[in-house]
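Working through the structure, step by step
One-letter residues, chain by chain:
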Amino acid sequence: MCLDPELPGDPGASPRPTPQIGWSLRRAGRASLADSLSGSRRAELTAEGVDVFATAVADSPPFPDPAIELPPAQLPFMLSLARLCDDPAELAALADPMRISALAVPNAMMTGTAVEKALRRFARRTSDAEEAGISSVWVTPESYPAGKGLEDYVDDALTRGIKLVFSLAPGATLPPDISALVDHHAALRGLDRAGVVALLALTHSATGRLDLVELARRLPSDEVLATLPGRMLAAALRQPSSLKVADALARLAAAVAPVAPTPGPERPRITLAQVHGQPKAVEALGRMIADLKGWSAGRVAWPEVPNGVILDGPPGTGKTLLASGLAGSADIPLVAGSYGDWQKEGHLGDLQKAMSRFVQRARKAAPCVAFIDELDSFGSRDSAGPGRWGLHYDTKATNHLLTCLTEIRATEGVLLIAATNHRDRLDPAVARAGRFDLHLGMRLPDLAALVALLREGLGTDLPDIDLRPAAQALLGRTGADVAALLRQVRARARTAERALVAEDLHAEIEEVCPAIPDQDLRRCAVHEAGHLVAGAALGLPAAREASINVAGGQVMQPPPFLTTREDIEAVLAHLMAGRAAERLALGSVGSGAGGPPGSDLDRATQIAAAMELNFGLGSYGRVYLDPDRMLPIDGRLRAAVERHLERAEMRARDLLSQHRVTLEQVAEQLERERYLDAAQIADLLSGIAGPDRDAPMAAP
């Protein structure tokens, strides 16, 4: 049927019906209420939402209520299909089971399921066979990558001799080998005012006439109607008159009107110069900026630019800040996304679409930084057993992530950065070179970095204050912690209605970072000094820093290689040196060596157990067993581990006794300053010759 009445037209005009696919208009000849009303009365009823041209006079012969029995989701597509079929050639091509059709669908709100069901309804109406066969394939820009899977539909349709229709969502295309088989291409028109009017003639007119002038005034524009989902059209059609349907469509369109277009990604104002405490990361990202400029100038080919960086570290250490600083220093936009942002869109399909939109935004914004936060939220496909709930979901999400990463890496000008708090949870295929070339560990800020963070956060306030004592109290805190503390400091000053003073900073630090009791500070300093002195005497890699904070103390140094029994025993002595130092200098041992996973005792226990069960260097011989399973149940193993640790502590105590003066000097300076950098440590330990590997411990 023709669904193209002219708008606007004369009041009471009739749309021009031409039956085509089983719908018919059966209203000709009924008298209209408008013909019996005065102009003023007609205007009153129109204002009340009554279409007087579509309403029959009371004494007209009875007529069945018009109805179109279509599910709401199919309405927009079926209307567009009906308008296409006004052309007999198009109708014949679409109905011919020997032809393969490709329909360009204009409305992104149409769904694949609705389109498939509507096409099956069409096939039943246009086929003489009792059971019409049709194969409908809904193709989106994200589905069927490289056309994989589409050939199965073609083979099935050709084998069964049934109609095959590809419905192409906006932006979707068929691969060349599939497109070559299509011998009928057509583009559907979207829902518009003319289509709505023609539908209203079927559903809301008892006379075959409509008040086209009033409908033209009330209906939304063609552009707006084209975006409405089928359920909204169906909801509007529940109104009792054509004019009220038009009003309902206008109201619904206003309710879902898109917000103003989102501006493109912004260029951050922060630069890498404002990122403190991460020198290695800043240096590496600085090289990326230099290569990006070389690429822009045509001096460097894009495949030669190192790209793909994973920033790994505890929360609050500045991973997001680094990504922003990279974009700001390069003066390019930052396009950011995360698993949480994409997941909130809905089910798995919505998640994948949101990820694909992120990729398209990044490609459109190039040159830019594409930043993916919460990378570990995708998890590893290797870490779950077959019975794990959600494994199917996680696998598909991770698979799509791999596709997105490949697309980003293939786009010139896009620098890929990702952040994670748990590098060990990443899927190996995600973290591999080629997707992420560089992994940068994020560390807690050292003393100098904390001073810089405080100074930058204070700005022009307190220009003459010595910030080192405040930074010492904040050792072990993150950059985010410092920013939060400074917000509280400024809040104190605002509450007092005065300028910020040093007491505001000191008071807030005392509240957030309570003072360490003197006896605990002394014990902690002795403990860490024991590690430093023993490490130097044993010839282990030089320590980078040592610090004490309210949570305890720590020594940062590169991990040694565990290649021989002597290497392992040296590491055990180093781990037990904190306890040995406490016993030697203070006469007792505290709990500092134990505690959570990663503590001295935990690491020493794991290494000693590995000597027995994994390395073939203990009394169990050349076997390989699981320490985590064996330790709780094997008393012999526990006794062997205890002997290793006892010998290691005795060896550490002997070493520290030989260097007792140095031990006391290191402990005193660490107690006083709470932080020692690599240069200070090297100076304090310069008198230790090391290594002491002459008398390795005997096997238990």
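Details of the structure are given in the entry above.
Here we summarise the structure given alongside this text. (Residues numbered from 1 in each chain as written. Predicted model: local features only at pLDDT ≥ 70, side-chain atom pairs only at ≥ 80, totals over all residues. Heavy atoms only, no water.)

The next thing to look at is the overall build of the chain. Looking only at helices and strands, the chain has 28 helices and 12 strands in total. Of all intrachain contacts in the chain linking residues separated by at least 6 positions in sequence, the fraction that spans at least 24 positions is 76%. For the chain, the computed accessible surface area is about 33,600 Å², with 53% contributed by carbon and sulfur atoms. (Helix = DSSP H or I, 4+ residues; strand = E, 2+ residues; numbered from the N terminus. Contact = heavy atoms within 4.5 Å. Areas by Shrake-Rupley, 256 points an atom, 1.4 Å probe, with all protein chains shown as cover.)

If you walk across this open sheet you meet the four strands as 2-3-1-4, and the pairing is parallel. The strands lining the two open edges of the sheet, one partner per strand, are strand 2 (134–139) and strand 4 (184–187). In this sheet, neighbouring strand axes are inclined to one another by 20° on average, regardless of whether the strands run parallel or antiparallel. Here strand 1 (residues 100–104) pairs with strand 4 via four bridges, running parallel. (Pairing = 2+ DSSP bridges. Axes fitted to C-alpha atoms, helices over the stretch in contact; angles between N-to-C directions.)

Taken in spatial order, the five strands of this open sheet run 6-7-8-5-9, and their pairing is parallel. Edge positions in the sheet fall to strand 6 (334–338) and strand 9 (438–441), since each of these pairs with one other strand and no more. Sheet twist, expressed as the mean angle between neighbouring strand axes with direction ignored, is 20°. Across five bridges, strand 6 lies against strand 7 (residues 368–373) in parallel orientation. By the bridge assignment for strand 7, Ser338 is matched with Asp373. Contacts between helix 13 (residues 319–330) and the sheet are confined to strand 5 (309–312), strand 6, strand 7 and strand 8 (414–420), with strand 7 contributing the most and set at about 170° to the helix. Those strands touched by helix 15 (residues 348–365) are strand 6, strand 7 and strand 8, and its axis lies near 170° from that of strand 6.

All right, on to the packing of aromatic side chains then. With the rule as written, the count across this model stands at four aromatic pairs. Aromatic pair Trp342 and Phe358: ring centres 5.2 Å apart, planes at 55°, arrangement tilted. Residue Trp342 is located in helix 14 (residues 339–343), and its partner Phe358 is located in helix 15; the two are separated by 16 residues in the primary sequence. The lysine or arginine in question, Arg636, covers the ring of Tyr620, its NZ or CZ lying 4.1 Å from the ring centre. (Phe/Tyr/Trp six-rings, centres within 6.5 Å; stacked < 30°, edge-to-face > 60°. Lys NZ or Arg CZ within 6 Å of the ring centre and 35° of its normal.)

Moving on, we come to the pattern of salt bridges. Two side chains bearing opposite charge may form a pair once their charged atoms approach each other closely. Within the structure shown, the criterion is met by 26 salt bridges. The partner of Arg492 in a salt bridge is Glu508, and the shortest N-O contact between them spans 2.6 Å. Taken as a pair, Arg492 in helix 20 (residues 479–495) and Glu508 in helix 21 (residues 502–512) lie far apart in primary sequence, 16 residues in all. The class for Glu508 is buried, based on a relative accessible area of 5%. A salt bridge links Arg660 to Glu664, with the shortest nitrogen-to-oxygen separation between them at 3.4 Å. Here Glu664 and Arg660 lie together in helix 27 (residues 660–673), a separation of four residues that amounts to about one turn. On the basis of relative accessible area, Arg660 is assigned to the partly exposed category, the value being 33%. A single salt-bridge network, built from bridges that share partners, covers Glu214, Arg217, Arg218 and Asp247. (Salt bridge = Lys/Arg side-chain N within 4 Å of Asp/Glu carboxyl O. Buried < 20%, exposed > 50% of the residue type's maximum accessible area, 1.4 Å probe, protein only.)

Counting 52 residues, the largest nonpolar core has Leu532, Leu572, Leu656 and Val666 as its most contacted members. Elements represented by at least two residues in this core include exactly helix 22 (518–537), strand 10 (545–549), helix 23 (565–586), helix 24 (600–613), helix 26 (635–658), helix 27 and helix 28 (678–684). Ranked by the residues each element gives to this core, the list is headed by helix 23, at 11 residues. Apart from residues no more than four positions distant in its own chain, Leu532 is found in contact with Ala543, Ala546, Val555, Val666, Ile681 and Leu685. Counting 30 residues, the second largest nonpolar core, distinct from the first, contains Tyr339, Val359, Ile372 and Ala397. (Core = buried A, V, L, I, M, F, W, Y, C linked by side-chain atoms within 4.5 Å.)

As a further point, take unusual backbone geometry. Going from Ala366 to Pro367, the amide bond is cis rather than trans, its omega being 0°. When you line up the elements, Pro367 lands in the loop between helix 15 and strand 7. Notably, Leu462 is not glycine yet its phi reads approximately 50°, a positive angle. With respect to the helices and strands, the residue Leu462 is situated in the loop between helix 18 (447–458) and helix 19 (468–473). Look at Arg674: it is not a glycine, yet its phi comes out positive at around 65°. Within the fold, Arg674 resides in the loop between helix 27 and strand 12 (675–677).

Here helix 22 crosses helix 23 at 125°, and the two axes come no closer than 7 Å. Judged by the inter-axis angle, helix 22 sits oblique to helix 23. Helix 23 is crossed by helix 22, and the crossing has right-handed handedness. In this structure, helix 22 uses Arg522, Arg523, Val526, His527, Gly530, His531, Ala534 and Gly535 to contact helix 23, whose residues at the interface are His574, Leu575, Ala577, Gly578, Arg579, Ala581, Glu582, Ala585 and Leu586. Here the residues of the contact of helix 22 with helix 23 sort into seven nonpolar, six polar and four charged. (Parallel < 35°, antiparallel > 145°, perpendicular 65-115°, else oblique. Left-handed = near helix turned anticlockwise from the far one by under 90°. Nonpolar A, V, L, I, M, F, W, Y, C, P; charged D, E, K, R; others polar.)

Time to look at helix 26. Compared with the 34 Å implied by 1.5 Å per residue over 24 residues, the 35 Å span of helix 26 between its first and last C-alpha is a close match. Those residues of helix 26 not exposed but buried are Leu637, Ala640, Val641, His644, Leu645, Ala648, Glu649, Arg651, Ala652, Leu655 and Leu656. On the buried face of helix 26, the contacting elements are helix 22, helix 23, helix 24, helix 25 (627–630) and helix 27. Structurally, the start of helix 26 carries an N-cap: the backbone nitrogen of Arg636 is 3.0 Å from a side-chain oxygen of Asp634. (Expected span 1.5 Å × (residues − 1). Polar contact = N/O pair within 3.5 Å; in protein donor to acceptor, adjacent residues only side chain to side chain.)

With that settled, the discussion passes to the side chain of Arg193. Locating Arg193 in the fold gives a position in helix 7 (residues 193–203). No salt bridge is formed by the buried Arg193; its nearest oppositely charged neighbour, Asp222, is found at 4.3 Å. (Lys, Arg positive; Asp, Glu negative; His and termini not counted.)

Our next topic: the environment of Leu462. For Leu462, a relative accessible area of 14% corresponds to the buried category. C-alpha of Leu462 to C-alpha of Val501: the two residues are 39 residues apart in sequence and 6.8 Å apart in space. Apart from the residues within four sequence positions on either side, Leu462 is in contact with Arg455, Leu500, Val501 and Ala502.

This next bit is on the packing of helix 23 against helix 26. It is at 6 Å that the axes of helix 23 and helix 26 come closest, and there the two elements cross at 65°. Taken together, the axis directions place helix 23 and helix 26 in an arrangement best described as roughly perpendicular. Where helix 23 crosses over helix 26, the two elements pack in a sense that is right-handed. Here Arg565, Glu569, Ala570, Leu572, Ala573, Met576, Ala577, Arg579, Ala580, Ala581, Arg583 and Leu584 of helix 23 come into contact with helix 26, specifically with His644, Leu645, Ala648, Glu649, Arg651, Ala652, Arg653, Leu656 and Ser657. When its residues are assigned to classes, the contact of helix 23 with helix 26 shows 12 nonpolar, two polar and seven charged.

Next up on the list: the pairing of strand 10. Counting buried positions over the five residues of strand 10 gives five, a clear majority of the element. Judged by which residues are buried, strand 10 turns out to be covered on both faces: Glu545, Ser547 and Asn549 on one side and Ala546 and Ile548 on the other are all buried. Pairing of strand 10 with strand 11 (residues 552–556) involves five bridges; the strand directions are antiparallel. Looking across to strand 11, one finds that Asn549 is bridged to Gly552. Hairpin connection between strand 10 and strand 11: a loop of two residues separates the two successive antiparallel strands. By the bridge criterion, three bridges tie strand 10 to strand 12 in an arrangement that is antiparallel. Bridging from a neighbouring strand, Ala546 pairs with Leu676 of strand 12.

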